Amino acid sequence: MLSELNTLTLQVDTYLSDFDPTPATRLIRTFVIDKLSNWYIRLNKKRFWGGGMSRDKLSAYQTLYTCIETLARLIAPVAPFYADRLFRDLNDTTARDTSRSVHLAMYPKADNSCIDKELERSMELAMTVTSMVLALRKKVKIPVIQALQTISIPATDTLMKERIERMKDVILAETNVKTLDFIDGRAAILVKKVKCNFRTMGKKFGRKMKAVAAAVNNLTQEEIARFETDGGIRLNADGEETDVELADVEIISEDIPGWTVTNDGAITVALDITITDELSLESNARRIVKHIQNLRKADGLDITDRINVVLSDSKETRDVVSAFGEHIASQVLARSLTVGDAAGGTETFLESFRITIKIEKA
């Protein structure tokens, strides 16, 4: 995160030095929304809410503080009143700066030693793959709370593979998928189709357009893979050799039973959407955790309070507790987790069955 922050500082300072605030403020907006709020804070919730003040938890908070304080200084020229309030609220608590106002404080300077461009590119790729997987989940209406088994990505680019491998744990955690595999671009789960862009190709090929389109539609999967790799292909259109470029067409991936596939430029992602009994049990465990956490909040319990939990008796409940009882208890800080008489508890409907949950402070 600090690498991204210092890159931002360098870019904003460059634009403002040229009296060009518009791109500077757009960069700040993108950083705050996409990278700080929707990515860093979401990824580090467990670190922020961990018990005690461990070194890891302190590091997470210090990084967040550094980001917000630096942002207050960066936006001071374009949002003077908000920046000053933000700066003073932070500094009143920590007294890290002797300045009484952000407008009396030093404007931030980028620390080039903190900038790691390869790390930034790897993280951007992880964000792209994560967004693609989440979009596939939304497309087939499988919520993130439901665990899935596999993400498969064609290994067409060695550098891309290394970057994704570096961020694999982050991608899997954010998408709630078990494994991420790299596959051959000709794998059976990747059925691709080429669609002609008639607007551009019509101007380019004129009366040959119909013949070219027919040749494109007859491409095999091997030819499509070569087309993508080479950036172009030579086709026989009515006996005449014709060169077609990648920019002339759109290559899309078609879903096959049990999988759903999407493309974003050179990246293709296939998601296994088969829900096994084991995956279903895990998702029910997650749902139980979510409902218990909501009950804790509704009862006004402190985040560190220990509780006793009783779940109504049923075959489905027993199966979940047998497989994931320890995990559920650890997540909700339960001193005991039993299956039995939950009279007086709260009834809720999970994905496939009803359950009553009773909690009380231990």
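Everything discussed here concerns the structure shown above.
Definitions and limits used
Residues numbered from 1 in each chain as written. Predicted model: local features only at pLDDT ≥ 70, side-chain atom pairs only at ≥ 80, totals over all residues. Heavy atoms only, no water. Salt bridge = Lys/Arg side-chain N within 4 Å of Asp/Glu carboxyl O. Helix = DSSP H or I, 4+ residues; strand = E, 2+ residues; numbered from the N terminus. Buried < 20%, exposed > 50% of the residue type's maximum accessible area, 1.4 Å probe, protein only. Phe/Tyr/Trp six-rings, centres within 6.5 Å; stacked < 30°, edge-to-face > 60°. Pairing = 2+ DSSP bridges. Axes fitted to C-alpha atoms, helices over the stretch in contact; angles between N-to-C directions. Contact = heavy atoms within 4.5 Å. Polar contact = N/O pair within 3.5 Å; in protein donor to acceptor, adjacent residues only side chain to side chain. Parallel < 35°, antiparallel > 145°, perpendicular 65-115°, else oblique. Left-handed = near helix turned anticlockwise from the far one by under 90°. Core = buried A, V, L, I, M, F, W, Y, C linked by side-chain atoms within 4.5 Å. Expected span 1.5 Å × (residues − 1). Nonpolar A, V, L, I, M, F, W, Y, C, P; charged D, E, K, R; others polar.

1. Points about the pattern of salt bridges
One side chain can pair with another of opposite charge once the charged atoms of both are near each other. Within this structure, the stated rule accounts for 17 salt bridges. With a shortest N-O distance of 3.7 Å, Lys-117 and Glu-120 are connected by a salt bridge. With Lys-117 and Glu-120 both in helix 6 (residues 117-140) and three residues apart, this pair spans about one turn of that helix. Residue class for Glu-120 comes out buried when judged on its relative accessible area of 5%. With a closest N to O distance of 2.8 Å, Asp-248 and Lys-204 form a salt bridge. Linking Asp-248 in the loop between strand 5 (240-245) and strand 6 (249-254) with Lys-204 in helix 9 (residues 198-205), this pair joins segments that are 44 residues apart in sequence.

2. Some points on the packing of aromatic side chains
Remark: the centre distance and the inter-plane angle together describe each pair of aromatic rings, the angle taken between the planes. Considering all chains together, one arrives at two aromatic pairs under this definition. Between Tyr-40 and Phe-48 the ring centres are 6.2 Å apart and the planes differ by 75 degrees, which places this aromatic pair in the edge-to-face class. As far as burial versus exposure is concerned, Tyr-40 and Phe-48 are alike and both buried. Look at Phe-48 and Tyr-61: their rings are 5.0 Å apart centre to centre, the planes differ by 55 degrees, and that puts the pair in the tilted class. Here Phe-48, found in helix 3 (residues 45-48), pairs with Tyr-61, found in helix 4 (residues 55-74); they are 13 residues apart in sequence, far enough to count as distant. Given the relative accessible area of 7%, Phe-48 is considered buried.

3. A closer look at the sheet that holds strand 2 (residues 177-183)
The strand order 2-1-8-7 describes an open sheet built from four strands, whose pairing is mixed. If you trace the sheet from one side to the other, it starts and ends with strand 2 and strand 7 (259-264), each paired once. Adjacent strand axes in the sheet meet at a mean angle of 20 degrees, parallel and antiparallel pairs treated alike. Examined bridge by bridge, strand 1 (residues 148-154) and strand 2 share six bridges and lie parallel to one another.

4. What to know about the environment of Asp-313
In this structure, Asp-313 sits in the loop between strand 9 (307-312) and helix 13 (315-332). Remark: the alpha-carbon pair of Asp-313 and Ala-298, spanning 15 residues in sequence, is separated by 23 Å. Once residues lying within four places of it in the same chain are set aside, the contact partners of Asp-313 are Arg-318, Val-339 and Gly-340. Here Arg-318 takes part through its side chain, which lies 2.6 Å from a polar atom of the side chain of Asp-313.

5. Considerations on the packing of helix 2 (residues 21-43) against helix 6
Put simply, helix 2 and helix 6 touch, their axes get as near as 13 Å, and they point 65 degrees apart. One element, helix 2, and the other, helix 6, form an angle in the roughly perpendicular class. Considering how the two elements wind past one another, helix 2 and helix 6 form a crossing that is left-handed. Every residue of helix 6 that contacts helix 2 at Asp-34, Lys-35 and Trp-39 is listed here: Met-123, Glu-124, Ala-126, Met-127 and Thr-130.

6. Brief notes about the nonpolar core
Membership of the largest hydrophobic core comes to 24 residues, with the highest contact counts inside it found for Val-129, Ile-151, Ile-153, Ile-164, Leu-180 and Val-269. Elements represented by at least two residues in this core include exactly helix 6, strand 1, helix 7 (158-166), helix 8 (168-175), strand 2 and strand 8 (267-272). Tallying contributions element by element places helix 6 first for this core, with eight residues. Residues contacting Ile-151, with those up to four places away along its chain left out, are Val-133, Ile-171, Leu-172, Thr-175, Val-177, Thr-179, Leu-180, Asp-181, Val-269, Ala-270 and Leu-271. Counting 22 residues, the second largest nonpolar core, distinct from the first, contains Ile-288, Leu-295, Leu-337 and Ile-359.

7. Examining helix 6
With 24 residues, helix 6 extends 35 Å from end C-alpha to end C-alpha; this agrees with the ideal 34 Å at 1.5 Å per step. Within helix 6 the residues assigned to the buried category are Glu-120, Ser-122, Met-123, Leu-125, Ala-126, Met-127, Val-129, Thr-130, Met-132, Val-133, Leu-136 and Arg-137. Of the residues flanking the start of helix 6, the one acting as N-cap is Asp-116, its side-chain oxygen 3.3 Å from the backbone nitrogen of Glu-118. At the exit of helix 6 stands Lys-141, carrying a positive phi of roughly 60 degrees.

8. Topic: the side chain of Ser-312
Relative to the helices and strands, Ser-312 resides in strand 9. Among the polar contacts listed, one links the side chain of Ser-312 to the backbone nitrogen of Thr-356, at a separation of 2.8 Å.

9. Concerning the packing of helix 6 against helix 7
For the pair helix 6 and helix 7, the least separation of the axes is 9 Å and the interaxial angle reads 80 degrees. It follows from the interaxial angle that helix 6 and helix 7 lie roughly perpendicular. From helix 6, Glu-118, Leu-119, Arg-121, Ser-122, Leu-125 and Val-129 reach across to helix 7, where they touch Leu-159, Met-160, Arg-163, Ile-164 and Arg-166. Looking at side-chain class alone, the contact of helix 6 with helix 7 contains six nonpolar, one polar and four charged residues.

What is shown is where atoms sit, not what they do.
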